[in-house]
Structures are given as C-alpha cells and as structure tokens.
Amino acid sequence: MANLIDQAFGSHATALQLRAERSQLLAANLANADTPGFKARDIDFRQALASAQGEAGPLVTTQANHVGGLDAGQGTRALYRTPLQPALDGNTVDVATEQAAFSENSNRYLASLTFLNGRIRGLMTALRGE
C-alpha cells in the first residue's frame, strides 16, 4: 500500500517534509540574527532529497553491529553557512541572505503543496468515478 502512495505522489511528499525542515532552520537563523555567537545553519536540499530517495547509494551493513540507514527526515544534516561578512560578535547570520532563502523555500514549498493537492484531487475524482 505504501508503494502505491509513493508512486502516486512521487518525490513531492518527501520534498514537502524536507522543505518544512529547512523552513524551521531558516526561521531559527532569522530569529537569532542578533544573538552573539550564533552560527547560521541550512541544509543542502538537493543532497538531502537524493539521500531520502536512496539515490546517494544504499548504506551497506556488513556486520550485525552496524547501524542501519535512517528515514527521510532523520538523515538530514544541517550544515553551517559560511558567512559573507561575519560579525564581530561571532554571529554568522546575514539577514538578507536568510530572508531570500526563506522566501525561495516557501515558494517551492507552496509549489509542492499545490502539486500534491492536484494529485489528491485527481485521485478523489477517480475514486468517485466522475
């Protein structure tokens, strides 16, 4: 059953989850713009999506003591952003960069949400037999 849902929605459900995580990180960066020593963080969305879809290569376990792979949201690593002009207090948040990234991410989140709504509407129409 889960495979049918994955086929129907494609990678948009995973992308939606990753975009939500990225929105939280970017919002935290903006909220801490004036916090001394705060380091801005972000995720590499393309790498995280490829990892969630298994395109980055499966994790091979050769012994019983090895740890298995993680699910889509849990395997995402937040990376520290390299500042263009670091502040004297050690804060690496550039408000303009963060606002632009947040705006782009929210637009892409809405695009994925709109696509998923269209897919769900199509499936509901098919189920009703209209």
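In this report, we go over the structure that sits alongside the text. (Residues numbered from 1 in each chain as written. Predicted model: local features only at pLDDT ≥ 70, side-chain atom pairs only at ≥ 80, totals over all residues. Heavy atoms only, no water.)

## Here's the deal with the packing of aromatic side chains
Step number 1: Summed over the entire model, instances satisfying the criterion amount to 0 aromatic pairs.
Step number 2: The positively charged end of Arg19 is found above the aromatic ring belonging to Phe45, 3.6 Å away from the centroid. (Phe/Tyr/Trp six-rings, centres within 6.5 Å; stacked < 30°, edge-to-face > 60°. Lys NZ or Arg CZ within 6 Å of the ring centre and 35° of its normal.)

## Things to note about the packing of helix H2 (residues 12-31) against helix H3 (residues 45-53)
Step number 1: In the contact formed by H2 and H3, the axes pass within 10 Å of each other and the chain directions differ by 135 degrees. Taken together, the axes of H2 and H3 are oblique relative to one another. Two packed elements cross with a definite hand, and for H2 against H3 that hand is right-handed. Counted together, Thr14, Ala15, Leu18 and Arg19 of H2 and Phe45, Ala48, Leu49 and Ala52 of H3 form the full contact between these two elements.
Step number 2: Across the contact of H2 with H3, the residue classes tally to 6 nonpolar, 1 polar and 1 charged. (Axes fitted to C-alpha atoms, helices over the stretch in contact; angles between N-to-C directions. Helix = DSSP H or I, 4+ residues; strand = E, 2+ residues; numbered from the N terminus. Parallel < 35°, antiparallel > 145°, perpendicular 65-115°, else oblique. Left-handed = near helix turned anticlockwise from the far one by under 90°. Contact = heavy atoms within 4.5 Å. Nonpolar A, V, L, I, M, F, W, Y, C, P; charged D, E, K, R; others polar.)

## Overview of the environment of Gln47
Step number 1: With respect to the element layout, Gln47 can be found in helix H3.
Step number 2: In this structure the C-alpha to C-alpha distance between Gln47 and Arg77, which are 30 residues apart in sequence, comes to 9.7 Å.

## Observations concerning the pattern of salt bridges
Step number 1: Under the criterion given, the structure shown has 4 salt bridges.
Step number 2: Linking Arg81 and Asp42 is a salt bridge whose minimum nitrogen-to-oxygen distance equals 2.8 Å. In this pair, Arg81 is assigned in the loop between strand S2 (79-80) and helix H4 (95-128) and Asp42 in strand S1 (residues 41-42), connecting sequence segments 39 residues apart.
Step number 3: Relative accessible area serves as the criterion here: at 10%, Asp42 is assigned to the buried category.
Step number 4: Between Glu104 and Arg108 there is a salt bridge, with its nearest N and O atoms 3.2 Å apart. Note that Glu104 and Arg108 are positioned in helix H4 at a spacing of 4 residues, about one turn of the helix. (Salt bridge = Lys/Arg side-chain N within 4 Å of Asp/Glu carboxyl O. Buried < 20%, exposed > 50% of the residue type's maximum accessible area, 1.4 Å probe, protein only.)

## What to know about the packing of H2 against H4
Step number 1: Viewed as axis vectors pointing N to C, H2 and H4 meet at an angle of 155 degrees, and their least axial separation amounts to 9 Å. Classed by the angle they form, the pair H2 and H4 counts as roughly antiparallel. Once H2 is placed against H4, the crossing between them reads as left-handed. Between H2 and H4, the contacting residues are His12, Ala13, Ala15, Leu16, Arg19, Ala20, Arg22, Ser23, Leu26, Ala27, Asn29 and Leu30 on the first element and Val95, Glu98, Gln99, Ala101, Phe102, Asn105, Arg108, Tyr109, Ser112, Leu113, Phe115 and Leu116 on the second.
Step number 2: Among the residues making up the contact of H2 with H4, the classes are represented as 14 nonpolar, 6 polar and 4 charged.

## Side note on H4
Step number 1: Here H4 contains 34 residues, and its C-alpha end-to-end distance of 49 Å stays within 8% of the 50 Å for a straight helix at 1.5 Å per residue.
Step number 2: Three or more residues of H4 are buried, namely Glu98, Ala101, Asn105, Ser112 and Leu116.
Step number 3: Trailing H4 by a residue or two, Gly129 shows a phi angle of about 80 degrees, which is positive. (Expected span 1.5 Å × (residues − 1).)

## Description of a nonpolar patch on the surface
Step number 1: There is a patch of nonpolar side chains on the surface, built from Ile120, Met124 and Leu127 and spanning about 300 Å² of accessible area.
Step number 2: Inspection of the secondary structure puts Ile120 in helix H4.
Step number 3: Exposure remark for Ile120: the relative accessible area of 38% places this residue in the partly exposed category. (Patch = residues over 30% accessible without salt bridge, like charges linked within 9 Å, V, L, I, M, F, W, Y side chains within 5 Å. Areas by Shrake-Rupley, 256 points an atom, 1.4 Å probe, with all protein chains shown as cover.)

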